[in-house]
Amino acid sequence: QVQLVESGGGLVQPGGSLRLSCAASGSIFSINAMGWYRQAPGKQRELVADITSRGETNYADSVKGRFTNSRDNAKNTVYLQMNSLKPEETAVYYCKMRARRYYYGPIAQYWGQGTQVTVSS
């Protein structure tokens, strides 16, 4: 089976930085894209950033210039560098991957378990 293992969440002061990591493992033929969503209390889940296998990136307007999504293709790992964090960005951050498990297979979506990011003094 396919698994996404996340790490790097925690408590940080406003204006601080965190780097999240998400490593994909299992039977994966190819990865179409990997990225990050977040869900704050009382709010719906929203896209933060993603990056395709071709290196194309997409960011939420609210994080442009502060967050950077990157990848290590050899490790099937994606990173989210978060700088100048704001209290309102406290949320559970989820890794998401779109991938094929075999050559002629469909592109399916896979989710990590989520990691808590708390921005507070």
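Shown above is the structure to which this text applies.
Definitions and limits used
- Residues numbered from 1 in each chain as written.
- Predicted model: local features only at pLDDT ≥ 70, side-chain atom pairs only at ≥ 80, totals over all residues.
- Heavy atoms only, no water.
- Disulfide = S-S within 2.5 Å.
- Helix = DSSP H or I, 4+ residues; strand = E, 2+ residues; numbered from the N terminus.
- Buried < 20%, exposed > 50% of the residue type's maximum accessible area, 1.4 Å probe, protein only.
- Salt bridge = Lys/Arg side-chain N within 4 Å of Asp/Glu carboxyl O.
- Pairing = 2+ DSSP bridges.

J.: Residue-level account of the state of the cysteines, with values.
T.: Tallied over the entire structure, the rule returns one disulfide. Linked covalently through their sulfurs, Cys22 and Cys95 form a disulfide whose S-S length is 2.1 Å. Given an S-S torsion of about -85°, the disulfide between Cys22 and Cys95 has left-handed geometry. With Cys22 in strand E3 (residues 18-25) and Cys95 in strand E9 (residues 91-100), this residue pair connects regions lying 73 residues apart in the sequence. Pair check on accessibility: Cys22 and Cys95 agree, each one buried.

J.: Describe the pattern of salt bridges, listing the residues and the values that go with them.
T.: Side chains that differ in charge, positive against negative, can pair when their charged atoms come close. One pass over the full model with this rule turns up five salt bridges. The partner of Arg98 in a salt bridge is Asp50, and the shortest N-O contact between them spans 3.9 Å. Separated by 48 residues along the polypeptide, Arg98 in strand E9 and Asp50 in strand E5 (residues 46-52) bring together distant segments of the chain. Taken together, the salt bridges that share partners define one network made up of Arg38, Glu46, Arg66 and Glu89.

J.: Can you lay out the pairing of strand E1 (residues 3-7) for me, pointing to particular residues and giving the numbers?
T.: In E1, alternate side chains face the same way, and those of Leu4 and Glu6 are buried while those of Gln3, Val5 and Ser7 on the opposite face are not. Of the strand pairs in this sheet, E1 and E3 are connected by five bridges, and their pairing is antiparallel. Pairing of Val5 across the sheet is with Ala23, part of E3.

This is a description of form; function is not addressed.
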